[in-house]
Amino acid sequence: MRFLRSFVLPSAALSLGLVVSLAPAATAAPASPHIAEAPVVQVATANPPATTYFKPFSAHGMKSSYHIYTDGIDRSKPVGVMFYFGGDYWKTSETWVHNPGGSQLKAMASEARKKNMILVVPISPDKKTTGDGITWWEDIDKNGQYFRSLKDSLVNSYGLDTTRVWLAGYSGGAEFITYEVLADQQNWIRGGGATIIGGGGANGMQTAPNAAVRGLSITWHAGSKDVVGNTNPPEWSAKSAAAQGQKVYKNAGFGRATLRTLQGVDHYGYNHPALIGHDLKAVPNVGGTTAVAQTSSLVKGAIRTSYLNTGGAAKYGQPTSAERRTGFLGGVYQGFTRGYTYYWSPQTAAAPVKWSGAIGASFKNAGYERAWGYPAHAERSASGGAYQDYRRGVVVNRAMWSPKTGVRIVKMTGGIGAAWRAAGYERNWGYPVTNEYTVARGVQQKFSNGRVATWDRSTGRVTVTRG
């Protein structure tokens, strides 16, 4: 892999745009709410110290220091954290991380403060000033251990909210995030995202990311001129590294991994505070409304993040109690006063079930999560109906609803479900009009466009006929 040297020069402000598309939930027949709740993930009251520069820290036989910016933080509300990793350098005069009182780091701290996050700027424990200089990516595993120890110390000492974590890095610091921080032992992060600037290649996950990590908002920013010959080593292209890294993360299930190409920008023209501020819009404000303030003590963790991101009290109402355990596959749930129950499990992201809809009613009648599994996302619209996926271990059940067929289940991990998906979902075979049922040689399922799919247990093949 290739990493780059990152000098730091002033840059012009960038004008950026972001488009987010959310599928609306469909509704249908009413049903009684399932008032259930799940395990509480406690967030301690944060009490970080005053802004401090070059605060020493030692771990795993390595010594370095960090800056912590806490001015203007509201300690009465959950306090998140942003970590910024600078690029490579030979001399301390070449990098912002050794100028903690300068305008750039203070501007980053200002952007973090808008989301009630402290800014922490670790200085690499690397001591080599020859070769590639001071880097994060050389001895990446040891530097990863050092950072995680620093992170643990800060989170545990000051009760930082790990549903509000932001990672930002430039050049070699960007590579450290994508090759190490988000790729190995990363499941301590329960919400937030990352800003990857001028780099960010990847070679896969060393630790399998959980649903909360896969749901992080991660944006790679690459200048159109940040190509071969624009930095050191001269054969390295930050633009290509960013494209490659984003693709790896997308293929690993990170649904919010996006790549932005900044026209006319080279390796030294990025406006770091502006890019970070732009990306932080994905993080909900803390206590921005009375409703948020009222629910902050009961709504926690991944459920809290999704709740605030998708409508909060205005949509879901107030929690009926704290989270509670379901007692099934490590899951939790929490009821809300407007007819929703949020679920979370180690295999799925936090997602709501709407009890006034036909899908929610069928979920209840089938036996809740012990029958279908946990919701993998909120109810979504489909052509002429609605659907919601549920996961039960390795099995994925898709609940399909239309006015003519009602609610039926397609087993997406089964042979019939795989063939239905390959054929074009409901747009080809139509909606299921039955669940799977047993026949002499296997199982069968009927669909609204006249198709009858049969899975043969002896051959493992699916045949489709007109019924």
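Everything that follows concerns the structure shown earlier in this document.
Reading the values: rules and limits
- Residues numbered from 1 in each chain as written.
- Predicted model: local features only at pLDDT ≥ 70, side-chain atom pairs only at ≥ 80, totals over all residues.
- Heavy atoms only, no water.
- 1 Å grid on protein atoms, 1.4 Å probe; cavity = no way out; pocket = protein on both sides within 12 Å on 5 of 7 lines; lining within 4 Å.
- Points joined across faces, edges and corners; volume = space filled by probe spheres on them.
- Nonpolar A, V, L, I, M, F, W, Y, C, P; charged D, E, K, R; others polar.
- Axes fitted to C-alpha atoms, helices over the stretch in contact; angles between N-to-C directions.
- Helix = DSSP H or I, 4+ residues; strand = E, 2+ residues; numbered from the N terminus.
- Parallel < 35°, antiparallel > 145°, perpendicular 65-115°, else oblique.
- Contact = heavy atoms within 4.5 Å.
- Core = buried A, V, L, I, M, F, W, Y, C linked by side-chain atoms within 4.5 Å.
- Buried < 20%, exposed > 50% of the residue type's maximum accessible area, 1.4 Å probe, protein only.
- Pairing = 2+ DSSP bridges.
- Phe/Tyr/Trp six-rings, centres within 6.5 Å; stacked < 30°, edge-to-face > 60°.

> Would you mind going over empty space enclosed by the protein with me for this structure?
Gaps left between atoms show up when a probe the size of a water molecule is rolled over them. For the structure on display, the rule yields two cavities of 30 Å³ or more. Looking at the largest cavity, the residues that line it are Gly-86, Gly-87, Asp-88, Tyr-89, Val-97, Pro-122, Ile-123, Ser-124, Ile-134, Thr-135 and Trp-136. Counted by class, the lining of the largest cavity contains six nonpolar, four polar and one charged residues.

> Would you take a moment to explain the packing of helix α2 (residues 140-158) against helix α3 (residues 172-181) for this structure?
Two packed helices can be described by the angle between their axes and the distance between those axes. At a minimum axis distance of 10 Å, the contact between α2 and α3 shows a crossing angle of 90 degrees. By the angle between their axes, α2 is roughly perpendicular relative to α3. The residues of α3 that touch α2, namely those facing Ile-140, Asp-141, Asn-143, Gly-144, Phe-147 and Arg-148, are Phe-176, Tyr-179, Glu-180 and Val-181. Across the contact of α2 with α3, the residue classes tally to five nonpolar, two polar and three charged.

> What exactly am I supposed to notice about the nonpolar core here?
In this structure, Phe-83, Phe-85, Leu-154, Leu-167, Leu-182, Ile-218 and Tyr-249 are the most contacted members of the largest nonpolar core, which totals 44 residues. For this core, the element with the most residues is α2, which contributes seven residues. In this structure, Phe-85 is in contact with Pro-122, Trp-136, Phe-147, Leu-167, Ala-168, Gly-169, Tyr-170, Gly-173, Phe-176, Ile-177 and Val-181, ignoring residues within four places of it in sequence. One finds Tyr-84, Met-108, Ile-123 and Ile-276 within the second-largest nonpolar core, a separate group that totals 26 residues.

> What is the right way to look at unusual backbone geometry in this model?
The phi angle of most residues is negative, glycine excepted, and most peptide bonds adopt the trans form. Unusually for a residue other than glycine, Leu-329 sits at a positive phi of about 55 degrees. The partly exposed category is assigned to Leu-329, whose relative accessible area is 47%. Of note in the backbone geometry, Tyr-425 takes a positive phi value of approximately 60 degrees without being a glycine. Tracing the sequence through the fold places Tyr-425 in the loop between α12 (415-423) and β18 (437-439).

> I tried to follow the sheet that holds strand β8 (residues 257-262) on my own but got confused; where do I start?
Backbone hydrogen bonds hold the strands of a sheet together, and the pairing may be parallel or antiparallel. Strand order in the open sheet formed by eight strands is β1-β2-β4-β3-β5-β6-β7-β8, and the pairing between neighbours is mixed. Across the chains shown, the open sheet's two edge strands, defined by having one partner strand only, are β1 (52-59) and β8. On average, each strand axis in the sheet is tilted by 20 degrees relative to the strand beside it, whichever way the strands run. Bridge analysis of strand β6 (residues 192-197) against strand β7 (residues 217-223) gives five bridges, and the strand direction is parallel. Among the inter-strand pairings, Gly-193 is bridged to a residue of β7, identified as Ser-217.

> Could you clarify how one ought to interpret the pairing of strand β21 (residues 462-466) in this entry?
Successive residues of a regular strand alternate their side chains across the two faces of the sheet. Relative to β21, strand β20 (residues 451-456) runs antiparallel, the two sharing five bridges. Counted as the bridge partner of Thr-454 is Thr-463 from β21. Counted along the chain from β20 to the antiparallel partner β21, the turn is five residues long, and its residue Gly-460 has a positive phi close to 75 degrees.

> For this particular structure, what's the right way to read the packing of aromatic side chains?
Aromatic ring pairs: the centre-centre distance and the angle between the two ring planes describe each pair. For the structure on display, the rule yields 29 aromatic pairs. Arranged with centres 6.0 Å apart and planes meeting at 80 degrees, the rings of Trp-355 and Tyr-368 form a pair that is edge-to-face. On the criterion of sequence distance, the pair formed by Trp-355 in the loop between β12 (348-354) and α10 (358-366) and Tyr-368 in the loop between α10 and α11 (369-372) is long-range, its members being 13 residues apart. In this structure, Trp-355 and Tyr-368 share a single accessibility class: buried. For the pair Phe-363 and Tyr-390, a centre-to-centre distance of 5.0 Å together with 25 degrees between the ring planes defines the contact as stacked. Taken together, the residues Phe-363 in helix α10 and Tyr-390 in strand β15 (residues 385-392) connect sequence positions 27 residues apart.

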